[in-house]
Amino acid sequence: MCISIHQEDRRSTSMDKTMEKEEDGVSTKEVRYGGIKAMPFVIGNETFEKLGTIGTSSNLLVYLTTVFNMESITATNTVNIFNGTINFATLLGAFLCDTYFGRYKTLGFASVSSFLGMLVLTLTAAIATMHPPHCETEVNSSCRGPTFWQMAFLLSGFGLLVIGGGGIRPCNLAFGADQFNPNTESGKRGISSFFNWYYFTFTFAMMVSLTFIVYVQADVSWAWGLAIPTFLMFLSCALFFVGTRIYVKVKPDGSPLASVSRVIAAAIKKRKLPDQPCLSLYDYVVSSSINLKLPHTDQFRFFDKAAIITPLDQINRDGSAANPWRLCSIQQVEEVKCLIRVLPIWIAAMIYYIALVQQQTYVVFQALQSDRRLGSLNFKIPAATYIIFSMIALTIWIPIYDRMIIPRLRKLTGKEGGITLLQKMGIGMFLAVVTMLISAIVENKRRALGLTEPIGVDPRRGAISSLSGLWLVPQLVMGGLSEAFTIIAQVEFYYKQFPENMRSIGGSLSFVGFAMSSYLSSLLISLVHQVTKGGGPNGDWLPEDLNKGKLDYFYYLVGVLQALNLGYFIVCARWYKYKGSGIRTIVEVDMEQFNSEKVPV
């Protein structure tokens, strides 16, 4: 039986926003939390930032094909690579934030970078020499692509957006939560309220961007359609800096990845040593650590070797290891185990995202070759606006699930959340399989009507199908429900399963998964296009004119991939051990019972 001593959670260290007092000649620091006073600035910054960046990126695919005259495959791969890079940059942003700069400085710098990037994109639309000439409207007319300098200027804007997104995305949630005292009931309620408002503003920004801003871009002017979100991003920067005096700013506490590296290095150095019982392992916790004490587990026993005390290991008078690269504590070892356990789940989530990527790219091309008219009205729904149906489904479903379904599940299962986080993720992955099947069926019908009963011709693509674009809604609604289960559960999963001092990096893991899935989706599209265009029996699956392709076959392919991924995820979920759930029996002992006793190491 291992003894686990839970130490007091010291979360109030390393704060900038403090009030100093003198008590018996000793200077102490007390954190002054802005709490609800900081929310107008934090939430306002979040809202305008999302309105700006989403308003710019949501219709980017159409912008590249209509203004920069890119082919569909090139534009799709460009958007996938851009989305992948901006999401992958969050890992570097989280590392720099936690290690060197802190969340306030990182968010400030990243917000300005995003504003400048959006300004560059606006200039590419507003200045005629910054983009190629408009294509002729006649069928089979030639289109000039962008010049080297036009492309370079466009990519410089993308680069600034990557820097901005890499800093904002992993830090904004944690920065908002920093403004509340986590040790009081009011602070805990404030944190919960902040998360709710965060997701509300995200959905609100998506809906406004996919309706009003996309409408301006498609039917008024691309220059105005990009200038509006750029101005909103300027307001986001202004609101963020206005609230500077109110914010609580958590100082970076050194690299959390250094501890991971030390455990790996120490375990490798001691790899030939035999396993030792957990009571003989080095058990030391830094008094100022914000991480909760973790019980010892029997998984990944190899890393336990890093905590074996040998005659060569020296221990300082305060109990710390003289050489932290040779001797690590059980706490450090268990934190590394937490990271390793998460990785198989993260891989499954990365494959899952591929299905979502298709609902944000090829759905737009499907809409462009569908009947987008609303009844007898002349108004046409912009192609990029169809994605809003996913957001609507997610927005409607979340309160129903939270207020009606969870209480009933809680009574049946006895679990706080009704079902576990991994079960929620599994349900979402199953719905992703259903989403791709519906997508394939609808596309088959759209293409058939496009070939037999067209209502017009798109000069760039071909015949426009008489199938209403509203037939795309079922697959988008199903995709939104899938997101409501998997994405939200995944964010909470990473937040709870990562060590407390690595939660910014944990927050970035979702975005890194998005990044890898964007790259994988781009690779999959390129492979399918190259293999099928070579004169196969079914022809090119993904041509410029979808009526001449087999997009439904591609959807079936992604559906099979999602089904295999679901099986892999179920295996990983059955194996997974949640953080703090030790395999050995854990006896919790209050520190007060050990006033003068030494804990064996």
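No experiment lies behind these values; they were computed from the predicted model shown.

1. Some thoughts on the packing of helix α3 (residues 72-126) against helix α6 (residues 222-242)
Then step 1. Interhelical geometry of α3 versus α6 gives an angle of 165° and a closest axis separation of 9 Å. The angle between the axes of α3 and α6 places the two elements in the roughly antiparallel class. Viewed along their axes, α3 and α6 form a crossing whose handedness is left-handed.
Then step 2. When its residues are assigned to classes, the contact of α3 with α6 shows 19 nonpolar, five polar and no charged.

2. Topic: the pairing of strand β5 (residues 462-465)
Then step 1. Of the pairings in the sheet, the one linking strand β4 (residues 454-458) to β5 comprises four bridges and is antiparallel in character. Bridge assignment links D458 to a residue of β5, and that residue is G462.
Then step 2. A loop of three residues connects β4 with β5, the two strands running antiparallel in sequence.

3. Side note on the packing of α3 against helix α13 (residues 503-532)
Then step 1. In the contact formed by α3 and α13, the axes pass within 8 Å of each other and the chain directions differ by 160°. Between α3 and α13, the interaxial angle falls into the category roughly antiparallel. Classified by chirality, the crossing of α13 by α3 is left-handed.
Then step 2. Residues belonging to the contact of α3 with α13 are distributed by class as follows: 15 nonpolar, 15 polar and two charged.

4. Here we look at the side chain of T106
Then step 1. On the secondary structure map, T106 appears in helix α3.
Then step 2. In this structure the side chain of T106 is engaged in a polar contact, spanning 2.7 Å, whose partner is the backbone oxygen of G102.

5. Structural notes on α6
Then step 1. An ideal rise of 1.5 Å per residue puts 30 Å on 21 residues; α6 measures up with 31 Å between its terminal C-alpha atoms.
Then step 2. Inspection of α6 places W222, G225, L226, P229, T230, L232, M233, S236, C237 and F240 among the buried residues, and these make up the whole buried set. The buried residues of α6 occupy an angular sector of 155° when the element is viewed end-on, so they sit on one face. Of the exposed residues in α6, the ones pointing more than 90 degrees away from its buried face are W224 and V242.
Then step 3. Residue S221 occupies the N-cap position of α6, its side-chain oxygen lying 3.1 Å from the main-chain nitrogen of A223.

6. Things to note about the packing of aromatic side chains
Then step 1. Under the definition given, this model contains 26 aromatic pairs.
Then step 2. Where F302 meets F303, the ring centres are 5.5 Å apart and the plane angle is 75°; that geometry is what we call edge-to-face.
Then step 3. Taken together, the aromatic side chains of Y104, F175, F240, F241 and Y247 make up a single cluster linked through ring pairs.

7. Some details on the pattern of salt bridges
Then step 1. According to the stated counting rule, one finds 11 salt bridges in the structure shown.
Then step 2. The shortest N-O distance in the salt bridge between D552 and R447 comes to 2.9 Å. Here D552 is found in helix α14 (residues 551-575), whereas its partner R447 is found in helix α11 (residues 421-452), with 105 residues between them in sequence.
Then step 3. For D552, a relative accessible area of 1% translates into the label buried.
Then step 4. Each of D298, R301, D304, E334, K337 and R341 takes part in salt bridges that share partners, so that together they form one network.

8. Considering the confidence of the model for the protein
Then step 1. The pLDDT averaged across the protein works out to 79; a share of 84% of its residues lies at or above 70.
Then step 2. Counted against residues more than four places away or in other chains, residues 3-29, with its pLDDT under 50, gives 73 contacts.
Then step 3. Between residues 583-601, whose pLDDT stays under 50, and residues either more than four places distant or in other chains, the model counts 37 contacts.

So, how was this worked out
Residues numbered from 1 in each chain as written. Predicted model: local features only at pLDDT ≥ 70, side-chain atom pairs only at ≥ 80, totals over all residues. Heavy atoms only, no water. Axes fitted to C-alpha atoms, helices over the stretch in contact; angles between N-to-C directions. Helix = DSSP H or I, 4+ residues; strand = E, 2+ residues; numbered from the N terminus. Parallel < 35°, antiparallel > 145°, perpendicular 65-115°, else oblique. Left-handed = near helix turned anticlockwise from the far one by under 90°. Nonpolar A, V, L, I, M, F, W, Y, C, P; charged D, E, K, R; others polar. Pairing = 2+ DSSP bridges. Polar contact = N/O pair within 3.5 Å; in protein donor to acceptor, adjacent residues only side chain to side chain. Expected span 1.5 Å × (residues − 1). Buried < 20%, exposed > 50% of the residue type's maximum accessible area, 1.4 Å probe, protein only. Arc of directions from axis to C-beta. Phe/Tyr/Trp six-rings, centres within 6.5 Å; stacked < 30°, edge-to-face > 60°. Salt bridge = Lys/Arg side-chain N within 4 Å of Asp/Glu carboxyl O. pLDDT = per-residue confidence, 0-100. Contact = heavy atoms within 4.5 Å.

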